[in-house]
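A look at the structure
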Amino acid sequence: MSTFAASDTPPALPGRAPWGTAPALRAWQQGALEEYFRNEPRDFLAVATPGAGKTTFALRLAAELMGRRIVDRITVVCPTEHLKRQWAESAGRVGIKIDPEFKNAHGRTAKDFVGVAVTYAQVAAHPALHRGRTENRKTLVILDEVHHAGDGKSWGDAIREAFEPAARRLALSGTPFRTDINPIPFVLYEEGPEGVRRSRADYTYGYGPALADGVVRPVIFLAYAGEMRWRTRAGDEITASLGEPLTQDQMSQAWRAALDPKGEWMQQVIAAADRRLTEVRRGVPDAGGMVIASDHETARAYSKMIRNVTGAGATVVLSDDPGASRKIKQFGESEDRWMVAVRMVSEGVDIPRLAVGVYATSTSTPLFFAQAIGRFVRARRRGETASVFLPSVPTLMGHASEMETERDHVLDRRVREDGLDDDLLAEANRKRDNPDVGEEVPFETVEASAHFDRVVFDGGEFGMGAATGSAEEEDYLGIPGLLEPEQVTSLLKQRQAEQLANQRKEKRAGTAKPEDRTASEDLHALRKELNGLVGAWHHRTGQPHGVIHAELRRSCGGPPSAQASGEDIRARIAKVREWAARPVPRTRD
């Protein structure tokens, strides 16, 4: 019998409860508690996918440690002011009084409170003060989204100074990896192959297991391409098609043109996303949508687009708005359709009814992408799906196809034989395709229009290009919002088969000529062939699509299929056919 099992043995998906206060522990939370008290370490890193319930686990652990008199004070450290209040509210619901308004100038808090909630920036501003508070009482320090403790060397040093004396430290993260090599304080790093050190979690609950348990929603990614035209500073006009093979510079500029409110691309995508939201609300009446914007000016422009499309306004949440926490809470408790937010809500903010998203930012790091998508995956009942609309950009499509990949923080860079550092190259590329606020605008958008490109789901790709507003696009936007993952896959395959059949009919009727096919259409055809073979291999072996695609990348090399060249995809097609030529016993992962 588990030490932490209640009389009402917890299901994988407890009934809906306020943030951080589920009435029964999920299986992973119970397992993590048992692992903790098996060894009772001073430091413990729990990695759980966004939406899995890290707060409930942390508060239960805090209550256990206080009940056993191992600690008598709690300090919660989190990234934002909003999360301070969210933690305090959640702790209050289970009888733990946390002061979210504690300031460094106060020095101490009222006797009514057993702890404080502070931000990483607040600790970095006065580490000696927080060290003194930690030394005075037996303190449990909860480091929420602990990867932020490595945001700069000075921050990391401050966190170490402030909390080195803590009786216990609990580190939490949904994404314990970073794009830099700043070590994360109080996280254990182990040396792996080629002398590369990686972070090691004490307990991990990834997206894949959480999806199987029904704790998180499956995510349907709907990618939109389009025709872009912009004018350079020199007065030259350039045209490019988002979704077709482009140079890095062309991709960066086409991406920016797509997100520019002056073009039609965003309005067409918002209209498609709103139609998707209408479909989802047939099964989930309070479902909401969120547009993630890069800056304040575009956020306000997107809000106007939403009013033009829907006839109703959107809640706009800006990072410097003192009323941001109140707006987020009000939106979460309402049945309003849309919120537009700058990147501040990409992490930690919990609005369980969010089910449709528009990724309208040029930030493309794996960390930010995972945190942003995490806003849409919290499930309240089995069968709910999340839908996220993306620009058809290789970097984003690669992230979408690898949703189930578990990553660790790599502390050491690998240096290639040619002397070029892979991480430095990746960072340089990221900066080139991340033209955010503050950079000089290198061009003026002349025209930007969207068309449906494809769907990414469970590592597979479905669908062919279609005009916005067309029957083919509606087939994908109209997928029911309450489906099991297997039903989503089946329906996507059916939609794709119907679309391909219609295209074959058009070709036989002479309405489509092979010589008219673009390079993008050739790639689409190869991807469809590969996905068909992967689907057949899935039925033969029982392996998930994502696992098969990952094995193909390991065997053949090259990037994820969303970024792969025609040559890469042909090699993978040949590899699957090679597998199919030999007998393989059916297994289940």
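The coordinates are above.
Note that the coordinates shown come from a computational prediction; the quantities given were computed from them, not determined experimentally.

Thoughts on the overall build of the protein chain
Of regular secondary structure, the protein chain possesses 19 helices and 19 strands. Looking at the 589 residues of the protein chain, the share that counts as buried comes to 53%. Of all intrachain contacts in the protein chain linking residues separated by at least 6 positions in sequence, the fraction that spans at least 24 positions is 74%.

Let's talk about the pairing of strand E2 (residues 73-78)
Among the six residues of E2, five are classified as buried, and the element is accordingly described as predominantly covered. In this structure, E2 lies alongside strand E5 (residues 139-143), joined through five bridges in parallel fashion. Directly across from Val-77, in E5, lies its bridge partner Leu-143. As judged from the five bridges shared by E2 and strand E4 (residues 115-119), these two strands associate in the parallel manner. Its bridge partner lying in E4, Cys-78 is registered against Thr-119.

Some details on the packing of aromatic side chains
Taken as a whole and assessed by the stated rule, the structure comprises 12 aromatic pairs. On the numbers, 5.2 Å between centres and 70° between planes, the contact of Tyr-36 with Phe-44 is edge-to-face. Assigned by exposure class, Tyr-36 and Phe-44 land together as buried. A connected cluster of aromatic rings, assembled from ring pairs, spans Trp-28, Tyr-36, Phe-37, Phe-44, Phe-57, Tyr-203 and Tyr-205. A cation sits over an aromatic face here: Arg-169 above Phe-186, 3.9 Å from the ring centre.

Observations concerning the nonpolar core
Grouped burial of nonpolar side chains is what soluble globular proteins tend to show. Core analysis: the biggest nonpolar cluster contains 122 residues, and Phe-57, Phe-221, Tyr-224, Trp-265, Met-266, Tyr-302 and Phe-389 have the highest contact counts within it. Aside from chain neighbours lying at most four places away, what touches Met-266 is Ala-258, Leu-259, Val-291, Tyr-302, Met-305, Val-358 and Ala-360. Val-77, Val-116, Val-141 and Ala-171 belong to the second-largest nonpolar core, a separate cluster that totals 20 residues.

Quick look at the environment of Glu-279
Relative to the helices and strands, Glu-279 resides in helix H9 (residues 265-283). Sequence-wise, Glu-279 and Pro-480 are 201 residues apart; in three dimensions their C-alpha atoms are separated by 6.4 Å. With near-sequence residues (within four places) excluded, Glu-279 lies in contact with Leu-477, Gly-478, Ile-479 and Pro-480. Within the local environment of Glu-279, its side chain forms a polar contact with the side chain of Arg-282, the two groups lying 3.1 Å apart.

Things to note about helix H12 (residues 366-373)
Counting buried positions along H12 yields seven of eight residues, so the element is predominantly enclosed. Every buried residue of H12 is accounted for by Leu-367, Phe-368, Phe-369, Ala-370, Gln-371, Ala-372 and Ile-373. As for H12, its buried residues are in contact with strand E10 (219-232), strand E12 (288-293), strand E15 (354-360), strand E16 (386-391) and helix H13 (394-401). Between the side-chain oxygen at the start of H12 and the backbone nitrogen of Phe-368 there is a gap of 3.2 Å, and the oxygen is on Thr-365.

Examining the pattern of salt bridges
The final tally for this structure, using the stated rule, is 29 salt bridges. With its nearest N and O atoms 3.0 Å apart, the salt bridge here joins Asp-274 to Arg-337. A residue pair is termed long-range when its members are at least 10 positions apart, and Asp-274 in helix H9 and Arg-337 in the loop between helix H11 (324-333) and strand E14 (338-342) qualify at 63 residues. On the accessibility criterion, Asp-274 (10% relative accessible area) is buried. Arg-275 is the partner of Glu-473 in a salt bridge, and the nearest nitrogen-oxygen pair spans 2.7 Å. Here Glu-473 is found in helix H15 (residues 471-477), whereas its partner Arg-275 is found in helix H9, with 198 residues between them in sequence.

Notes on the packing of helix H1 (residues 27-39) against helix H2 (residues 54-67)
The geometry of H1 relative to H2 is characterised by a closest axis approach of 10 Å and an angle of 40° between their N-to-C directions. Classed by the angle they form, the pair H1 and H2 counts as oblique. For the element pair H1 and H2, the recorded crossing hand is right-handed. Contacts from Trp-28, Gln-29, Ala-32, Leu-33, Tyr-36 and Phe-37 in H1 reach Lys-54, Thr-56, Phe-57, Arg-60, Leu-61, Glu-64 and Leu-65 in H2.

Concerning the sheet that holds E4
Two pairing modes exist for strands in a sheet, parallel and antiparallel, and in both the strands are linked by backbone hydrogen bonds. What the seven strands build is an open sheet, ordered E3-E4-E2-E5-E6-E1-E9; its pairing is parallel. With partners counted over all chains shown, the strands left at the sheet margins are strand E3 (98-99) and strand E9 (203-205), one partner each. Bridge count for E5 against strand E6 (residues 168-173) is four bridges, and the pairing is parallel. In the sheet register, Val-141 faces E6, and the bridge partner there is Arg-169.

A short note on the packing of H9 against helix H10 (residues 296-310)
One can describe the packing of H9 onto H10 by two numbers: an axis separation of 10 Å at closest approach and a directional angle of 55°. On the basis of their axis angle, the class for H9 and H10 is oblique. Considering the relative orientation of H9 and H10, their crossing is right-handed. Seen from H9, the contacting residues are Met-266, Gln-267, Ile-270, Ala-271 and Asp-274; seen from H10, they are Tyr-302, Met-305, Ile-306, Asn-308, Val-309 and Thr-310. Here the residues of the contact of H9 with H10 are counted per class, giving seven nonpolar, three polar and one charged.

Basis of the calculations
Residues numbered from 1 in each chain as written. Predicted model: local features only at pLDDT ≥ 70, side-chain atom pairs only at ≥ 80, totals over all residues. Heavy atoms only, no water. Helix = DSSP H or I, 4+ residues; strand = E, 2+ residues; numbered from the N terminus. Buried < 20%, exposed > 50% of the residue type's maximum accessible area, 1.4 Å probe, protein only. Contact = heavy atoms within 4.5 Å. Pairing = 2+ DSSP bridges. Phe/Tyr/Trp six-rings, centres within 6.5 Å; stacked < 30°, edge-to-face > 60°. Lys NZ or Arg CZ within 6 Å of the ring centre and 35° of its normal. Core = buried A, V, L, I, M, F, W, Y, C linked by side-chain atoms within 4.5 Å. Polar contact = N/O pair within 3.5 Å; in protein donor to acceptor, adjacent residues only side chain to side chain. Salt bridge = Lys/Arg side-chain N within 4 Å of Asp/Glu carboxyl O. Axes fitted to C-alpha atoms, helices over the stretch in contact; angles between N-to-C directions. Parallel < 35°, antiparallel > 145°, perpendicular 65-115°, else oblique. Left-handed = near helix turned anticlockwise from the far one by under 90°. Nonpolar A, V, L, I, M, F, W, Y, C, P; charged D, E, K, R; others polar.

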